[in-house]
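Each chain is listed here by its residues.
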Amino acid sequence: MTTTRFAPSPTGRLHVGNIRTALHNWLWARKTGGRFLLRIDDTDAERSEERFVEAIRADLAWLGLEPDAEVRQSARFALYQARFDALVAAGRIYPAYESAQELDLKRKVLLGRGLPPVYDRAALRLTAAERTALEAEGVRPHWRFRLDHDMPLAWDDLVRGPQSFDPATMSDPVVRRADGSWLYMLPSAIDDIDMGISHVVRGEDHVSNTALQLQMFQAMGATAPAFAHAALLTGAEGKLSKRLGSLGVDHFRATGIEPQAVRALLARIGTSDPVEPVAAMAPLLDGFDFARFGRAPARFDEAELAQVSARIVHQLPFDLVADRLPAGMDHAAWAAVRPNLERVADAADWWQVIEGPLAPADLAEEAEYCAQAAAVAEALDWSADPWHALTGALKASTGRKGKALFLPLRRALTGRDHGPDMAALLPLIGRERTVARLRAAG
Ligand code: GLU
């Protein structure tokens, strides 16, 4: 059984990179008939805020990525403590007493000698008496996980292929601060084991964490999950962009982007498959496979998102948009204007065109033609296809065709040169308004 998790820290709003990670986790769970969990990584009480937890839930709901269950790390400290105690007892976690300044100095010395700034494990060489003396002075330790230098750090990443790191080139990671608070690494590994996570799907900024966490899984007697690290997002220019960090659901909603477009785009960028304006989830699920992801950064282009969104608007059924349309705008009106919209909100402009009042169009040179059209419209059988009946009659009586036949009518009836198919619009404008608008122009 597949179980994935999306594990944001509630220290801010989700941005497009987080949303992409959530989507990948969701797609993989749904495709394999598994479970998708939301894990709120709120071990950092100072930086975590309840309003961000709520925003994360709301954003996932808007995107259609609701989790099967939600867990919070802040409710699981007892479990972390138990695992921590066991790892301390087994000698895999040890206390370290260096201050931040001391560690900084050690790093600078190593870098100055052209060596990698790896922690020297001085704390491991302290005698019990030395530790007691430090604690008597009031120095409280932070805690490091002791890497096994003989155990290679290797895994077959579902996106990146075979990965390996030499543990001797890595510092023993700090897992707990001197004030007792948890850093991200250990609680995450504990939860991945405890929740039976089968696939850890996250961004490639976590690759070196994975190397370290592999030994944590092993030290806790667990088989590590499979890992998939997607390449990071870049802006349209191909560069890591600051703007991406501030683009999230609020921005998408404010600019009229549909959630289906966000999903369609983010499911495909960075893969070998083309982005397609699919509103349904099924085609995204069918094609989703980590093997189709490339190693190169995925380009996120807001202009492309807007285009995909417009093409999705053209497919949206009335039921999905009804609550965002102006009062009175019905099924037929939506069907008539939908092909011309970039955003659902723009339907209101066309509703105004249909309902009026319209400022009279300046059609002085076409006054006679419009007056003639008004007379034809008034006498027309309005029940079938009034637009073709109207233009057919005018074509026969005036000999006009093409633009000369249609454009003055469109201008008189809508005040614009372009827009939805007049055959769909005219029944909505109706006989009364049609005649009045043509007369006003005539
Ligand atoms: N809270 C971590 C983050 O947001 C989770 C990383 C993970 O998926 O393990 O980066």
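Residues numbered from 1 in each chain as written. Predicted model: local features only at pLDDT ≥ 70, side-chain atom pairs only at ≥ 80, totals over all residues. Heavy atoms only, no water.

Draft legend 1. The UniProt feature "domain: Glutamyl/glutaminyl-tRNA synthetase class Ib catalytic" (unreviewed entry) in the chain, seen in detail. Feature annotation in UniProt assigns "domain: Glutamyl/glutaminyl-tRNA synthetase class Ib catalytic" (unreviewed entry) to the following positions: residues 3-273. Secondary structure within residues 3-273 divides into 38% helix and 17% strand; the distance between the first and last C-alpha atoms comes to 25 Å. (UniProt positions renumbered as here; feature names shortened; annotations may be inferred. Helix = DSSP H or I, 4+ residues; strand = E, 2+ residues; numbered from the N terminus.)

Draft legend 2. Inspection of the nonpolar core at higher detail. Core analysis: the biggest nonpolar cluster contains 90 residues, and Phe252, Val262, Phe300, Trp334, Val337, Leu390 and Leu409 have the highest contact counts within it. Sorting elements by how many residues they give to this core places helix H18 (residues 422-441) first, with nine residues. Filtering out sequence-adjacent residues up to four positions away, Phe300 remains in contact with Val16, Leu233, Thr234, Gly235, Ala236, Leu244, Leu247, Phe252, Leu265, Leu266, Ile269 and Leu305. Core analysis: the next-biggest nonpolar cluster, separate from the first, contains 28 residues, Ile93, Met170, Val200 and Leu214 among them. (Core = buried A, V, L, I, M, F, W, Y, C linked by side-chain atoms within 4.5 Å. Buried < 20%, exposed > 50% of the residue type's maximum accessible area, 1.4 Å probe, protein only. Contact = heavy atoms within 4.5 Å.)

Draft legend 3. Up close: the environment of Ala226. With respect to the helices and strands, the residue Ala226 is situated in strand E10 (residues 226-230). On the basis of relative accessible area, Ala226 is assigned to the partly exposed category, the value being 27%. Taking C-alpha positions, Ala226 is 14 Å from Leu153, a pair spaced 73 residues apart along the chain.

Draft legend 4. Seen up close, empty space enclosed by the protein. All told, the structure shown has one cavity of 30 Å³ or more when counted by the stated rule. There is about 50 Å³ of room inside the largest cavity. Elements with a contribution of two residues or more to the lining of the largest cavity: helix H9 (259-268) and helix H10 (282-287). Broken down by class, the residue content of the lining of the largest cavity amounts to four nonpolar, two polar and four charged. (1 Å grid on protein atoms, 1.4 Å probe; cavity = no way out; pocket = protein on both sides within 12 Å on 5 of 7 lines; lining within 4 Å. Points joined across faces, edges and corners; volume = space filled by probe spheres on them. Nonpolar A, V, L, I, M, F, W, Y, C, P; charged D, E, K, R; others polar.)

Draft legend 5. Structural detail: helix H1 (residues 16-31). When the terminal C-alpha atoms of H1 are compared, their 22 Å separation across 16 residues agrees well with the 22 Å that a helix rising 1.5 Å per residue should span. Burial runs high along H1: twelve of the 16 residues are buried. By the burial criterion, the buried members of H1 are Val16, Ile19, Arg20, Thr21, Ala22, Leu23, His24, Asn25, Trp26, Leu27, Trp28 and Ala29. Following H1 by one or two positions, Gly33 adopts a phi angle in the positive range, close to 70 degrees. (Expected span 1.5 Å × (residues − 1).)

Draft legend 6. Region of the structure containing the environment of Leu244. By secondary structure assignment, the location of Leu244 is in the loop between strand E11 (233-234) and helix H8 (249-254). Among the residues examined, Leu244 registers a relative accessible area of 9% and is labelled buried. On a C-alpha basis, the gap between Leu244 and Asp41 in space is 22 Å, while along the polypeptide they are 203 residues apart. With residues near it in sequence (within four places) discarded, Leu244 still touches His15, Val16, Leu233, Thr234, Gly235 and Phe300.

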